[in-house]
Amino acid sequence: MITIGQVAKDVNCKVQTIRYYEQIGLLPTPIRNQGNQRRYNQAHLDRVRFIRHSRELGFSLDDIRKILSLSDQSSQSCEEVDRIARDHLMSVESKIERLQSLHKELKRMINECSKDQVADCRIIQVLSNHKLCFSEHE
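Here's what I pulled together on the structure shown here. From a predicted model like this one, the values you see are computed outputs, not experimental measurements.

### Thoughts on the environment of Asn-111
Here's step 1: Structurally, Asn-111 can be placed in helix H5 (residues 79-112).
Here's step 2: Classification of Asn-111 as exposed rests on a relative accessible area of 63%.
Here's step 3: Through-space distance from the C-alpha of Asn-111 to that of Arg-122 is 8.9 Å; in sequence the pair is 11 residues apart.

If you want it as structure tokens, here you go:
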């Protein structure tokens, strides 16, 4: 059994984050010792690692909750987990496309800037008039 501070150190997060995971039901409430301190076991530690790694990969807390719920039913098909991961991948790919478009537009604006006077600054012109922008972005 380990303390919340040891869990936080092991997974490289804040104690408040672990408490939050407990509060929202992602992490089961640990037992408490006679001094009313939380005591975590290996299953808690593994679950926090799972949550942290999932967050690092950009999964939402709702998706993590669904995946954890499904993982608690080990004999069930992993079709739903696969669907969640595929949906997340599509979202990431969409973000990458938008970022590439923004990157291209920003480079174009910077390259077209004459670097003379602000009155002739291409960056300000494009930012002031969306019609001068060549890329699709929100």
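### Some details on the packing of helix H3 (residues 42-56) against helix H4 (residues 61-71)
Here's step 1: Remark: H3 packs on H4, axes separated minimally by 10 Å, with the N-to-C direction vectors making an angle of 140°. Accordingly, the angle class assigned to the pair H3 and H4 is oblique. As for the relative orientation of H3 and H4, their crossing is right-handed in sense. Within the contact between the two elements, H3 uses Arg-47, Phe-50, Ile-51, Ser-54 and Arg-55 and H4 uses Leu-61, Ile-64, Ile-67 and Leu-68.
Here's step 2: Its residues placed into classes, the contact of H3 with H4 shows 6 nonpolar, 1 polar and 2 charged.

### Overview of a nonpolar patch on the surface
Here's step 1: Together, Leu-99, Leu-102, Leu-106 and Ile-110 make up a nonpolar patch on the protein surface, roughly 360 Å² of accessible area in all.
Here's step 2: Here Leu-102 is to be found in helix H5.
Here's step 3: Leu-102 sits in the partly exposed class, given a relative accessible area of 33%.

### Looking at H3
Here's step 1: Here H3 contains 15 residues, and its C-alpha end-to-end distance of 21 Å stays within 8% of the 21 Å for a straight helix at 1.5 Å per residue.
Here's step 2: Lining the buried residues of H3 we find helix H1 (4-11), helix H2 (15-23) and H4.
Here's step 3: Where H3 begins, the side chain of Asn-41 points an oxygen toward the backbone nitrogen of Ala-43, at a separation of 3.0 Å.
Here's step 4: Two residues or fewer after H3 comes Gly-58, characterised by a positive phi angle close to 90°.

### What to know about the pattern of salt bridges
Here's step 1: Taken as a whole, this structure holds 8 salt bridges when the rule is applied.
Here's step 2: One salt bridge in this structure joins Arg-49 and Asp-10, with 2.6 Å as the shortest N-O distance. A residue pair is termed long-range when its members are at least 10 positions apart, and Arg-49 in helix H3 and Asp-10 in helix H1 qualify at 39 residues.
Here's step 3: Here Arg-49 falls in the partly exposed class, since its relative accessible area comes to 36%.
Here's step 4: Residue classification places Asp-10 among the partly exposed positions, given a relative accessible area of 42%.
Here's step 5: In this structure, Arg-38 and Glu-22 form a salt bridge, with 3.0 Å as the shortest nitrogen-oxygen distance. Within this pair, whereas Arg-38 is found in strand E2 (residues 38-39), its partner Glu-22 is found in helix H2, the two being separated by 16 residues in sequence.
Here's step 6: According to the relative accessible area criterion, Arg-38 is buried, its value standing at 19%.
Here's step 7: Accessibility expressed as a relative area gives 12% for Glu-22, which makes it buried.

### So, the packing of H2 against H3
Here's step 1: Interhelical geometry of H2 versus H3 gives an angle of 100° and a closest axis separation of 12 Å. As summarised for this structure, H2 and H3 are arranged roughly perpendicular, according to the angle between their axes. Between H2 and H3, the contacting residues are Thr-17, Ile-18 and Tyr-21 on the first element and Val-48, Ile-51, Arg-52 and Arg-55 on the second.

The rules behind the values
- Residues numbered from 1 in each chain as written.
- Predicted model: local features only at pLDDT ≥ 70, side-chain atom pairs only at ≥ 80, totals over all residues.
- Heavy atoms only, no water.
- Helix = DSSP H or I, 4+ residues; strand = E, 2+ residues; numbered from the N terminus.
- Buried < 20%, exposed > 50% of the residue type's maximum accessible area, 1.4 Å probe, protein only.
- Axes fitted to C-alpha atoms, helices over the stretch in contact; angles between N-to-C directions.
- Parallel < 35°, antiparallel > 145°, perpendicular 65-115°, else oblique.
- Left-handed = near helix turned anticlockwise from the far one by under 90°.
- Contact = heavy atoms within 4.5 Å.
- Nonpolar A, V, L, I, M, F, W, Y, C, P; charged D, E, K, R; others polar.
- Patch = residues over 30% accessible without salt bridge, like charges linked within 9 Å, V, L, I, M, F, W, Y side chains within 5 Å.
- Areas by Shrake-Rupley, 256 points an atom, 1.4 Å probe, with all protein chains shown as cover.
- Salt bridge = Lys/Arg side-chain N within 4 Å of Asp/Glu carboxyl O.
- Expected span 1.5 Å × (residues − 1).
- Polar contact = N/O pair within 3.5 Å; in protein donor to acceptor, adjacent residues only side chain to side chain.

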